[in-house]
Amino acid sequence: MFHIYCPHCCEYREEEEFHAAGQSHIARPLDPDACTDKEWGEFMYFRANPRGIHHELWVHAAGCRKYFNVTRDTQTYEINEVYKVGEQPTVVANAIQSK
Amino acid sequence: MQHYSGFGLLKHSFSHHENWQRVWRNPTPKKKYDVIIVGGGGHGLATAYYLAKEFGVTNVAVIEKGFLGGGNTARNTTIVRSNYLWDEAAHLYEHAMKLWEGLSQDLNYNVMFSQRGCLNLGHTLQDMRDIERRVNANRLNGIDGEVLDAKQVQEIVPVLDCSDRARYPVMGASWQPRAGVARHDAVAWGFARGADAHGVDLIQQTEVEDLIIEDGTVVGVRTARYGEIRADRVGCVVAGNSSVMAKMAGFELPLESHPLQALVSEPIKPILDTVVMSNHVHGYASQSDKGDLVIGAGIDGYNGYGQRGSYTTIEHTIQAIVEMFPVFSRVRMNRQWGGIVDTCPDACPIISETPVKNLFFNCGWGTGGFKATPGSGHVFAASLAKGEMHPLAKPFSMFRFHNGALVDEHGAAGVAH
């Protein structure tokens, strides 16, 4: 059970109010028509799946209904930081973990 | 290998069952194998068994970081069925179902496969339309299936709330009589024993730390315990950790690893003699031979490698079960656990060649891998033996996510996705 800080409500709430919405920071290709099938397939279906530090979107579904980013360790389930959409994470995987 | 029989049981009873042969060896690995299989769960052990028995490749090692069958094989809800919608998936799961039907005899090991049938309930008009479509597709593929109305469902499962007082009244169900359950641990142990008897080395407590790749070809694995072990071909069957292994090989897989939880109740007298699943109310239950209710539902929505999930997910699961079976409301739960499932965007597995030569992956089974154990092992063994994918495995190439030929099984994959 997570206790998640919503950066919009500025409060800790229980996990049940939130919904995990997948990987953060996915950039849509600027010119989709110019993508190869491989590039488009990777944009559509390939998601980071690290064992360790992961940046993911959550939505405060039963609260303010706004999205925000969470940096979380997928092995220990520890939440390292919470930051708004458009901001960059300060906790990132080191070179060994991201190998 | 010691042959198991009723007579053998009687014979060993005279020596107080103290002289049974060890079920498998605990060998030190050789320097080189024809095939190395990474991952000693049900699918990996089945692969090794069929490689040695059907395809004559006996110089094989299975390398497992923990103990045999200790991952998702030990953590699933043991349901076996083959009522999938699309031809590609239906053929694959039906291939497995046919192997299940003769598995105990083939392995000389009782996997307690019990074809007690499986109901997939429909609670809305759209559910019933989908069920009719899927059952018709199944029958065209030679897979047994029937569409039942609520009255027929009630006759099969008297304790199910089929009244119109339910929040989502049962309108009917699909019924696959040949579906059922099997004893999950026995499946791993039976395949392990059979593989060992054919000369396969089962190497436990040995974690693969890296893949050795030379000029785009895999030539072996590196382990902490035994150093380098070489092989002509390597098959990775590591479920939740597939993305981590793929990263070692330098490519990505379209997988996300999620916790999937399940739970069992205290043992109670026989009350549920079939498998009941509901996509809509979102839960499924069966009763084991020991008497405990085996209960499961959906994955936890976030990625996780921790083999545990959140309490809220369990609570939702139990709410669904009590909604379907009000009579279970006072049954106490005994144990609860989680496994890491590698979910694919189209709810179908990846049984595939990879960008690295001689490296093969069998993964992405997500929440429904147990039912496919023998079939998955069989087609993967055929592929590893020949170096070319088995016809049933071809539609499940990892490259389908580049060319768009997905096999969208989210409907028939059932509750958990």
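For every chain, the first residue of its written sequence is number 1, and the numbers climb from 1 along that sequence. Labels are handed out in written order, letters beginning with A for the chains and numbers beginning with 1 for the ligands. Totals for whole chains, interfaces and linings use all residues, but because this is a predicted model, local features are given only for residues with pLDDT of at least 70 and pairs of side-chain atoms are given and counted only at 80 or more. Hydrogens and water are ignored here; the side-chain numbers use all heavy atoms of the structure.

### Some remarks on the overall build of chain A
Link 1 in the chain: Going along the chain from the N terminus, every DSSP run of H or I of four or more residues is numbered as a helix, and every run of E of two or more is numbered as a strand. Secondary structure assignment for chain A yields one helix and six strands.
Link 2 in the chain: Each helix (α) and strand (β) of chain A, taken in turn from the N terminus, gives the series β-β-β-α-β-β-β.
Link 3 in the chain: For the C-alpha atoms alone, the extent of chain A along its principal axes is close to 45 × 35 × 20 Å.
Link 4 in the chain: Residue burial is assigned from relative accessible area. The probe radius is 1.4 Å, only protein chains are included, and a residue is buried under 20% of its type maximum, exposed over 50%, and partly exposed in between. Taking all 99 residues of chain A together, 36% fall into the buried category.
Link 5 in the chain: Counting only contacts in chain A whose residues sit at least 6 apart along the sequence, the fraction spanning at least 24 positions is 46%.
Link 6 in the chain: To be clear on the numbers: accessible area is Shrake-Rupley with a 1.4 Å probe, and residue cover counts the displayed protein chains and nothing else. Within the structure as shown, chain A displays about 5,900 Å² of accessible surface, and the carbon and sulfur contribution to it stands at 51%.
Link 7 in the chain: His is not counted here, nor are the chain ends, while Lys and Arg score as positive and Asp and Glu score as negative. Each charge is placed at NZ for Lys, CZ for Arg, CG for Asp and CD for Glu. Distance from the positive charge centre (10 side chains) to the negative charge centre (15 side chains) of chain A: 1 Å. Between two residues, a contact is recorded if the distance between any of their heavy atoms is within 4.5 Å.

### A word on the packing of helix α2 (residues 42-53) of chain B against helix α10 (residues 373-386) of chain B
Packed helices, taken two at a time, are described by their axes: the angle between them and the distance between them.
Residues and elements named next belong to chain B.
Link 1 in the chain: A fitted line through C-alpha atoms serves as each axis, taken over the contacting stretch for helices, and the angle formed by two N-to-C directions is quoted from 0 to 180°. Two elements in contact, α2 and α10, have axes whose closest approach is 7 Å; the angle formed by their N-to-C orientations is 50 degrees. By the angle between their directions, the pair α2 and α10 is classed as oblique. Viewed along their axes, α2 and α10 form a crossing whose handedness is right-handed. Counting all contacts with α2, which are made through Gly42, His43, Ala46, Thr47, Tyr50 and Leu51, the residues of α10 involved are Thr373, Pro374, Ser376, Gly377, His378, Phe380, Ala381, Leu384 and Ala385.
Link 2 in the chain: The classification used treats Ala, Val, Leu, Ile, Met, Phe, Trp, Tyr, Cys and Pro as nonpolar, Asp, Glu, Lys and Arg as charged, and all other residues, Gly among them, as polar. For the contact of α2 with α10, the residue count by class is eight nonpolar, seven polar and no charged. Angular relationships are summarised with four words: roughly parallel below 35 degrees, roughly antiparallel beyond 145, roughly perpendicular across 65 to 115, and oblique for the angles in between. Each crossing gets its handedness from the near helix: less than a right angle anticlockwise from the far helix is left-handed, clockwise is right-handed.

### Details of the sheet that holds strand β12 (residues 256-265) of chain B
All names here are of chain B.
Link 1 in the chain: Here, any two strands with at least 2 DSSP bridges between them count as paired. Strand order in this open sheet of eight strands is β5-β6-β4-β13-β14-β15-β12-β16, and the pairing throughout is mixed. Each edge of the open sheet carries a strand with a single partner, namely β5 (146-149) and β16 (333-343). Going from strand to strand, the sheet's axes swing by 20 degrees on average, the running direction of each strand aside.
Link 2 in the chain: Of the strand pairs in this sheet, strand β13 (residues 275-278) and strand β14 (residues 283-287) are connected by three bridges, and their pairing is antiparallel. Pairing of Ser278 across the sheet is with Gly283, part of β14.

### Re the sheet that holds strand β3 (residues 19-23) of chain A
Residue and element names in this part refer to chain A.
Link 1 in the chain: Taken in spatial order, the four strands line up as β3-β4-β5-β6 in an open sheet, and their pairing is antiparallel. A single partner strand is all that each edge strand has here, and the edge strands are β3 and β6 (79-83). Averaged over all neighbouring strand pairs, the angle between strand axes comes to 30 degrees, with direction disregarded.
Link 2 in the chain: By the bridge criterion, seven bridges tie strand β4 (residues 53-59) to strand β5 (residues 67-73) in an arrangement that is antiparallel. Its bridge partner being in β5, His55 is matched across the sheet by Thr71.

### As for the side chain of Ser242(B)
Residue and element names in this part refer to chain B.
Link 1 in the chain: Among the structural elements, Ser242 can be located in helix α8 (residues 242-249).
Link 2 in the chain: Judged by its relative accessible area of 0%, Ser242 falls in the buried class.
Link 3 in the chain: When near neighbours in sequence (up to four residues on either side) are disregarded, Ser242 contacts Leu253, Leu255, Asp342, Phe361 and Cys363.

### Topic: the domain arrangement of chain B
By a widespread convention, an interface's size corresponds to the accessible area lost as its parts come together.
Residue and element names in this part refer to chain B.
Link 1 in the chain: How far each domain reaches was decided by an automatic or database domain assignment. Domain assignment breaks chain B into domain 1 (25-78 + 185-255 + 346-413) and domain 2 (115-180 + 256-342).
Link 2 in the chain: Placing the centre of domain 1 and that of domain 2 at their C-alpha centroids yields a distance of 29 Å.
Link 3 in the chain: Residue-level contacts link 20 residues of domain 1 with 20 residues of domain 2.
Link 4 in the chain: Each of two parts loses accessible area, computed with a 1.4 Å probe, when they are put together; buried area is these two losses added. Between domain 1 and domain 2, the buried area comes to about 1,400 Å², and carbon and sulfur atoms account for 49% of it.
Link 5 in the chain: In the analysis that follows, any N or O atom pair within 3.5 Å is treated as a polar contact, provided that within protein one partner can donate a hydrogen and the other can accept it, and provided that, for residues neighboring in sequence, both atoms belong to side chains. On the surface where domain 1 and domain 2 come into contact, there are seven residue pairs in polar contact (both at pLDDT 80 or more).
Link 6 in the chain: In terms of residue count, α8 provides more of the side of domain 1 that touches domain 2 than any other element does, three residues in total.
Link 7 in the chain: Across the side of domain 1 that touches domain 2, the residue classes break down as seven nonpolar, 12 polar and one charged.

### Quick notes on α2(B)
Residues and elements named next belong to chain B.
Link 1 in the chain: If you check α2, its first and last C-alpha atoms are 16 Å apart, about what 12 residues at 1.5 Å a residue would give, namely 16 Å.
Link 2 in the chain: When you tally the buried positions in α2, you get 11 out of 12 residues, the bulk of the element.
Link 3 in the chain: When we look at burial in α2, the residues that qualify are Gly42, His43, Gly44, Leu45, Ala46, Thr47, Ala48, Tyr49, Tyr50, Leu51 and Ala52. By this rule, a helix spans an expected 1.5 Å times one less than how many residues it contains.

### Quick word on the confidence of the model for chain A
Residues and elements named next belong to chain A.
Link 1 in the chain: pLDDT runs from 0 to 100 and stands for how confident the predictor is about each residue. Across chain A, the average pLDDT comes to 93, with 95% of residues at or above 70.
Link 2 in the chain: Mean pLDDT in chain A bottoms out at helix α1 (residues 37-45), which sits at 95, and peaks at β5, which reaches 98.
Link 3 in the chain: Low pLDDT, under 50, characterises residues 95-99; the stretch is placed with six contacts to residues that sit more than four places away or in other chains.

### Regarding the packing of aromatic side chains
Aromatic rings in a pair are described by how distant their centres are and how their planes are angled relative to each other.
Link 1 in the chain: Here the aromatic set is Phe, Tyr and Trp, taking the six-membered ring for Trp, and pairing holds for ring centres within 6.5 Å; pairs whose planes are under 30 degrees apart are stacked, those over 60 apart are edge-to-face, and all others are tilted. Enumeration according to the criterion identifies 21 aromatic pairs over all chains in this entry.
Link 2 in the chain: With a centroid separation of 5.6 Å and an interplanar angle of 65 degrees, the aromatic rings of Tyr45(A) and Phe401(B) are classed as edge-to-face. Note that Tyr45(A) is positioned in helix α1 and Phe401(B) in helix α11 (residues 400-403), a pairing that runs across two chains.
Link 3 in the chain: Each residue in the set Phe2(A), Trp58(A), Tyr77(A) and Tyr302(B) is aromatic and connected to the rest through ring pairs, giving one cluster.
Link 4 in the chain: Only when the NZ of Lys or the CZ of Arg is both within 6 Å of the ring centre and within 35 degrees of the ring normal is a charge said to sit over the ring. For Arg167(B), the ring lying beneath its charged end belongs to Tyr168(B), and the centroid distance is 4.5 Å.
Link 5 in the chain: Above the plane of the ring of Tyr77(A) lies Arg308(B), whose end atom (NZ or CZ) is 4.4 Å from the centre.

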